[in-house]
Amino acid sequence: MPPDLWSLYALMLKSRLFEEVIAKLWHDGLISGEMHLGTGEEAIIAGVVAQLREGDAMALDHRGSAALLIRGVDPVLILREMLGCPDGLCGGMGGHMHLFSKEHLAASSGIVGAEGPTAAGFAIAAQYSNPGAVAVAFFGDGAMNQGMLMESMNLASVWNLPVLFVCKDDGWAITTQSANMTGGNLNERARGLGIPAVEVDGRDVFAVWAAANAAIERARSGQGPTFLKARCVHFEGHFLGFQLIRIARDPLREMPDIALPLTKSFLRLTGATMRERIAGLKTVMASVLSTLRDPRRDPINDPVPRTRASLQSDPERLRALEDQIEKDVSDVAAYALAEVPS
Amino acid sequence: MSTMFFTQAIDDALAQAMADDPRIILFGEDVPLLRRNLLVRFGPRRVRGTPISESAFLGAGVAAAMAGLRPVVEMYMVDFLGVCMDALLNHAAKVEAFSGGKWTAPVMVRVPCGGGYGDGGQHEQSLWGWLAHIPGLSIVVPSTPADAGGLLLAALQHDGPVIFLEHKLLSETWLEFLGSGGRRTVQYDVPANGAKGAVPRRWEPLPIGKAMVRRTGSDVTIVSAGVGVHRALQAAEAAEREGISAAVLDLRTISPLDRTTFCEMVAHTGRLLVVDEDYEGFGLSGELGAVALEAGVSFKYARVCTQTTIPYAREREDQALPNVKRICSAIAQLAGEER
Ligand SMILES: Cc1ncc(C[n+]2csc(CCOP(=O)(O)OP(=O)(O)O)c2C)c(N)n1
Ligand SMILES: [Mg+2]
């Protein structure tokens, strides 16, 4: 059955608006600690998660809220968890990186790469006692260099486990450009372990849906794991308040604090040769410059309006849908915020 | 004397050490940007970024140390040592023993630890007791900028593996990076004297294994490390107003432990209160009790530690970590009746 673009768009928009509420609450100081959003990866999450059914499992990384929302976890519970309420999804114990839903077989971890073993384990249980069910692992491109993830891919390969390994490739791991830290080609890496690899444009929900559909069917019918690499962007950089993005947005405000000690240190008497120092300076400048020219900042990469564009033939239906989702999300926010312990 | 922030002091001491000792190289995830000031001075051969492959680069750091370098390996958080513990547990800690004392691995692991900024139980652990459990590792937990710089220098000169724990609540850069992210809407209970303080003009190594008396007192001896030291000092001041005189000992290094100073301090008051942000069971707090008992000191004992997985919710997090209120009531109880 081909995907219904309307319902995929609805899921993506709901996730986006929901995460915008999270961002607002974080900026207002009502959510503490770090905050990694999935804004920019909605097409990947929706394209995969919309196809999951009862008994399927998800292993999530530090950006798990979109997947849980789309999987059907009550968004009020997610929000109240992030607000630290005792009646939140995890009783206020977990926070945004450690979201769990037992009934949806969904577990998150802030340990990069931990999604691999978790998905493999869910898949062992599926293979053993619930054939036809699958496990999905969502992780980033940086996680591909984590041993336990690679080991899990091998395990899934040799045990023919029903796993869909989804690499959300934004090209970055915090301030590190993955191209500089990743040897070879990731698809070839997967193939080298005996896992078929598929690469799609992660901004294109239809492409993701189609690739995931084939992979999930493969897994359900006992033919083993697939590696799905989907390119995407993260508009907020690594997390909310990310320094490189702040520099890009307001260089005059952010740069002096960075430039001054940098220059002082560069000019210190003892140290490396001038050539070495300049090579160091180039590395630092490259990170800043590649953020300034970052595709993250280009709205053309936003999967939500891209999907929307293909629905504009029916503007009335579109408006009605968007009004409804906006209302739903603001109701969720109002409800979640009704009694927040201060 | 000038003043510095906590992480600024560590980086400053590290720069001094790197200028003096070309064997020191530095690597870890995002290090080129996090330690950009060192990168532009010492160049990309000595200051390197790594993939997210902790088992590989920590294990490599151990062997590079065996081969004559003095690597500083940076880990994002002590919690993530779980991923690559083998490099410490079975390798770094064993080289000296296995080689019959002929070979060591002078690797330094610089790693943020600790909670108090709402990041949840996988990102806020202390784990120094867990690490100190392993013979062959030295565990350093500074509580002030001056100690941080001096101990860092000592760690780099030490002939074995040292885990240098940098408490995030004291670190201006980690707290901004992970806690506030440029927000003015959040506040954290940062101990002012730990976050910023006087530092020497030129760094000198401080002895590893030497505790520091932060406050003298005659009724109760409070022993702690890291942020706990500042919480203890605050509680001791409050106790003073209640007529209880509490001493505060800052361990500074968990392992090796300064048994002499510690036992003297406990013997002096006859009451030991351990304030430990690490987990209560099977850890530092119990060890301290055992050490004092073995030394024949007779004393009353209490502890304020972290007993559970650290909750994400801020108020519950505050209850779970040793806070001033819990320390005050423990002091009152210990010093209680028969004083
Ligand atoms: C084992 C481990 N090492 C390091 C970190 C710190 N860390 C958190 S997210 C991250 C980058 C992850 O990059 P990627 O997998 O590409 O995901 P992205 O954030 O880009 O979505 C790092 C290094 C961690 N959480 N766990
Ligand atoms: Mg990435």
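Coordinates for the structure precede this section.
1. Observations concerning the site of ligand 1
Step number 1: Surrounding ligand 1, one finds 22 residues, the nearest of these being R63, G110, D141 and G142 of chain A together with E54 of chain B.
Step number 2: Each of chains A and B places residues next to ligand 1.
Step number 3: Interatomic distance of 2.7 Å between a backbone N/O atom of G110 of chain A and a nitrogen atom of ligand 1.
Step number 4: For ligand 1, the protein covers 97% of the area, taking 580 Å² as the surface of the free molecule.
Step number 5: Using a 2 Å cut-off from the grid points, one finds that ligand 1 occupies the largest cavity.
Step number 6: Here the shell around ligand 1 is built from residues that sort into ten nonpolar, seven polar and five charged.

2. Examining empty space enclosed by the protein
Step number 1: Applying the stated rule across the entire model yields five cavities of 30 Å³ or more.
Step number 2: A volume near 550 Å³ is recorded for the largest cavity.
Step number 3: When grouped by side-chain class, the residues that make up the lining of the largest cavity number 18 nonpolar, 15 polar and eleven charged.

3. Remarks on the layout of surface pockets
Step number 1: Here the second largest pocket is characterised by a volume of approximately 310 Å³.
Step number 2: Contributions of two or more residues to the lining of the second largest pocket are made by β7 (176-177), α7 (178-181) and α12 (274-292) of chain A together with α2 (31-34) and β3 (47-49) of chain B.

4. Structural notes on the coordination of the magnesium ion (ligand 2)
Residues and elements named next belong to chain A.
Step number 1: For the magnesium ion (ligand 2), the protein coordination sphere consists of D141 (OD), D170 (OD) and W172 (O), at 2.0 to 2.1 Å.
Step number 2: If you list the donors of the magnesium ion (ligand 2) from N- to C-terminus, the spacing comes out as D-x28-D-x1-W. Taken together, the positions of D141 in the loop between β4 (135-140) and α6 (147-158) and W172 in strand β6 (residues 172-173) put the pair 31 residues apart, joining distant regions of the chain.
Step number 3: Judged by its relative accessible area of 9%, W172 falls in the buried class.

5. Some points on the packing of aromatic side chains
Step number 1: Enumeration over the complete set of coordinates arrives at five aromatic pairs over all chains.
Step number 2: Here F239 of chain A and F242 of chain A contribute two aromatic rings whose centre-to-centre distance is 5.9 Å and whose plane-to-plane angle is 75°, an arrangement assigned as edge-to-face.
Step number 3: Aromatic side chains F239 of chain A and F177 of chain B sit 5.2 Å apart centroid to centroid with 65° between the ring planes, which places their arrangement in the edge-to-face category. With F239 of chain A in the loop between β9 (226-231) and α10 (243-249) and F177 of chain B in helix α9 (residues 172-180), this residue pair bridges two chains.
Step number 4: Residue classification places F239 of chain A among the buried positions, given a relative accessible area of 2%.
Step number 5: Cluster of aromatic residues (ring-pair linked, three or more members): F239 and F242 of chain A together with Y76, W174 and F177 of chain B.
Step number 6: Over the ring of W6 of chain A we find R317 of chain A; its NZ or CZ atom is 4.0 Å from the centre of that ring.

Criteria and cut-off values
- Residue indices follow the written sequence of each chain, beginning from 1 at its first position.
- Chains carry letters from A onward and ligands carry numbers from 1 onward, assigned in written order.
- Under the rules for a predicted model, residues below a pLDDT of 70 receive no local features and side-chain atom pairs below 80 are neither given nor counted, while totals for whole chains, interfaces and linings still include all residues.
- Note that water and hydrogens are dropped before the side-chain values are worked out from all heavy atoms of the structure.
- Working definition: residue near molecule or strand if any one of its non-hydrogen atoms lies within 4 Å of it.
- Whenever two N or O atoms come within 3.5 Å, that pair is a polar contact, provided that in protein one can donate a hydrogen and the other can accept it, and provided that, for residues adjacent in sequence, both atoms are side-chain atoms.
- Per-residue and other accessible areas follow the Shrake-Rupley method at a 1.4 Å probe size, with only the shown protein chains counted as cover for residues.
- Only protein atoms enter the calculation, which uses a 1 Å grid: trapped sets of points that fit a 1.4 Å probe without letting it out are cavities, open sets showing protein on both sides within 12 Å along at least five of seven lines are pockets, and any residue with an atom within 4 Å of a point is a lining residue.
- To qualify as sitting in a cavity or pocket, a molecule needs more than half of its atoms within 2 Å of the grid points.
- Any residue that is not Ala, Val, Leu, Ile, Met, Phe, Trp, Tyr, Cys, Pro, Asp, Glu, Lys or Arg is counted as polar, Gly included; the first ten are nonpolar and the last four charged.
- Grid points are joined across faces, edges and corners, and a volume is the space filled by probe spheres set on the points.
- Segments assigned H or I by DSSP are reported as helices when at least four residues long, segments assigned E as strands when at least two residues long, and all are numbered from the N terminus.
- We call an atom a donor if it is N, O or S and sits within 2.8 Å of the metal, or 3.2 Å for Na, K and Ca. Water is not counted, so some sites may look partial.
- Think of it in three bands: residues with accessible area under 20% of the maximum for their type are buried, residues over 50% are exposed, and the middle band is partly exposed, with areas taken using a 1.4 Å probe on protein chains only.
- Two aromatic rings, drawn from Phe, Tyr or Trp (for Trp, its six-membered ring), form a pair once their centres lie within 6.5 Å of each other, and the interplanar angle then sorts them: stacked below 30 degrees, edge-to-face above 60, tilted otherwise.
- For a lysine, the NZ atom is tested; for an arginine, the CZ atom; a charge sits over a ring if that atom is within 6 Å of the ring centre and within 35 degrees of the ring normal.

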